[in-house]
Amino acid sequence: MRKIEHDCTLIKKTLLNQDNIFLTFQSQIISDTAQPGQFVAIKGPAFLRRPFGIAQVDRSAGTFSLGIRKKAAGTAAFFDVEIGETISVLGPLGHGFELDGLETLFIIGGGTGIYPLLFLLETAKRKGIKTYIATGFRSNDDVLLAEEMNGLADGFCLATEDGSSGIKGFAQNALEKLWSDFSNNCGSNLEDLKSDVDNFVEHSFENSKIALFCCGPHPMMQKAATWARQIGIQCQVSLEERMACGIGICRTCAVAVKRESDAVKREPDTEVIKADAGAIKNKIDTVEVRHEPEFDYDRCCVEGPVFPAEVVQW
Ligand SMILES: Cc1cc2nc3c(=O)[nH]c(=O)nc-3n(C[C@H](O)[C@H](O)[C@H](O)COP(=O)(O)OP(=O)(O)OC[C@H]3O[C@@H](n4cnc5c(N)ncnc54)[C@H](O)[C@@H]3O)c2cc1C
Ligand code: FES
């Protein structure tokens, strides 16, 4: 059985601003096995562990990093962990982004969703995938990791709602700007990169050479997913649900997903008809096979947090 609980020592702590901190922990096993989009659940003084997307790994140093925004008491406690202290970490957990077969990757992120995108960008770059990343924040004071993203990506566009940094607007405006520049340069090659969005197979995008990956606030991802569908590219979204166990047992993190039902085979309707002298005739209706989209629940901590946008019941 795979061991998922590890005692990890904090080796570096960088305060990004008053409310955001970047923590680096020693763990060869997590750095060796983590995939972008996966998360860890870490133990602080609170009863429940807190989940955080893996923001960076350094396999040669055997470390992994997390970016944490102070929200309430649970996250605030991690600001007080001292270098050299050891904490209990479950991970890597969940299902990450699927990069196989991709040549070009558009990424949109906002808020704390920006952190796991650093790991995604580094991995995509290592695999030779071209990356274009759009990020959005309220104002210049909230901007995170812009320099790092700009250094890693082939294209980067930052938007702030008040226009104090980058373009004025939302992450979606930045994404559309990147796309417009890209498609103008790409010309007729664009159609070759696309795949049949309607023919996706759950958690499998083998035929897709271009995709949009999203991580951030729910409305931002929903809008980006609709846009991706309209322009005809695959989309994967990293969802954030409240979590208790983080390992698939409690079902706190249920996500409503659409699922093409298996052929539903209805039992033949049998009608008993009284005929002459009590003869019995069975009238059997045709066997009906239906293919209808059905709703089901997946666990964000196991089947997710990354899902194909098409399966999410927004
Ligand atoms: C897969 C995943 C990845 C995440 N990655 C990051 C990250 O990289 N950086 C970051 O700063 N934050 C991230 N979050 C959100 C982070 O887990 C919450 O902000 C944090 O748990 C809040 O804890 P709290 O005690 O400060 O707040 P409280 O609101 O007091 O938390 C109370 C309870 O609700 C849960 N909870 C509250 N908000 C969330 C939330 N948004 N998502 C899940 N559970 C929540 C807590 O775990 C706790 O059990 C992620 C969440 C998920 C599910
Ligand atoms: S948090 Fe318990 S099943 Fe997902």
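The coordinates are above.
Residues numbered from 1 in each chain as written. Chains lettered and ligands numbered in written order. Predicted model: local features only at pLDDT ≥ 70, side-chain atom pairs only at ≥ 80, totals over all residues.

Draft legend 1. Spatial organisation of the overall build of the protein chain. From N to C terminus, the protein chain includes seven helices and 20 strands. Here the protein chain, with 314 residues, has 39% of them falling under the buried criterion. In the protein chain, of all internal contacts separated by at least 6 residues, the share reaching a separation of at least 24 is 66%. (Helix = DSSP H or I, 4+ residues; strand = E, 2+ residues; numbered from the N terminus. Buried ≥ 20, exposed ≤ 12 C-beta atoms within 10 Å, placed from the backbone. Contact = placed C-beta atoms within 7 Å.)

Draft legend 2. Here's a closer look at the site of ligand 1. What surrounds ligand 1 is a group of 23 residues, the closest being Lys-71, Ala-72, Gly-74, Thr-75 and Thr-112. Within the residue set of the shell around ligand 1, elements represented by two or more residues are β4 (50-53), β6 (63-69), α2 (73-77) and α3 (114-126). Take the shell around ligand 1: its biggest share by element is four residues, from β4. (Near = placed C-beta within 6 Å.)

Draft legend 3. A look at the sheet that holds β6. Across the sheet, seven strands lie side by side as β4-β3-β7-β1-β2-β6-β5; this open sheet has antiparallel pairing. Bordering the open sheet on either side are β4 and β5 (56-58), each of which pairs with just one other strand. Pairs of neighbouring strands in the sheet enclose a mean axial angle of 35°, with direction left out of account. As paired strands, β5 and β6 are joined by three bridges and run antiparallel to one another. Bridged to Asp-58 within β6 is Thr-63. Packed onto the sheet, α3 meets β4, β5 and β6 and runs at close to 45° relative to β5. (Pairing = 2+ DSSP bridges. Axes fitted to C-alpha atoms, helices over the stretch in contact; angles between N-to-C directions.)

Draft legend 4. Structural detail: the nonpolar core. Ranked by internal contacts, the top residues of the largest apolar core, which has 77 residues, are Val-40, Leu-212 and Cys-214. Residues within four places of Leu-212 in sequence aside, it is in contact with Phe-106, Ile-108, Ala-224, Ala-228, Ile-233 and Cys-235. (Core = buried A, V, L, I, M, F, W, Y, C linked by C-beta atoms within 7 Å.)

Draft legend 5. Here's a closer look at the pairing of strand β8 (residues 104-110). With respect to burial, β8 is a largely interior element, seven of its seven residues being buried. Burial along β8 is two-sided: the residues Thr-104, Phe-106, Ile-108 and Gly-110 and Leu-105, Ile-107 and Gly-109 are all buried. In terms of strand pairing, β8 meets strand β9 (residues 130-137) through seven bridges, oriented parallel. By the bridge assignment, Gly-109 is partnered in β9 with Thr-135. Of the crossover connections in this fold, the one passing from β8 over α3 to the parallel β9 is right-handed. (Right-handed = clockwise from strand over helix to strand, strands pointing away.)

Draft legend 6. Quick peek at the sheet that holds strand β10 (residues 155-160). Ordered in space as β11-β10-β9-β8-β12-β13-β20, the seven strands form an open sheet in which the pairing is mixed. With one partner strand each, in any of the chains shown, β11 (167-168) and β20 (306-308) form the two edges of the open sheet. Strands β8, β9, β10 and β11 of the sheet are contacted by helix α5 (residues 171-186), whose axis makes an angle of about 155° with β9.

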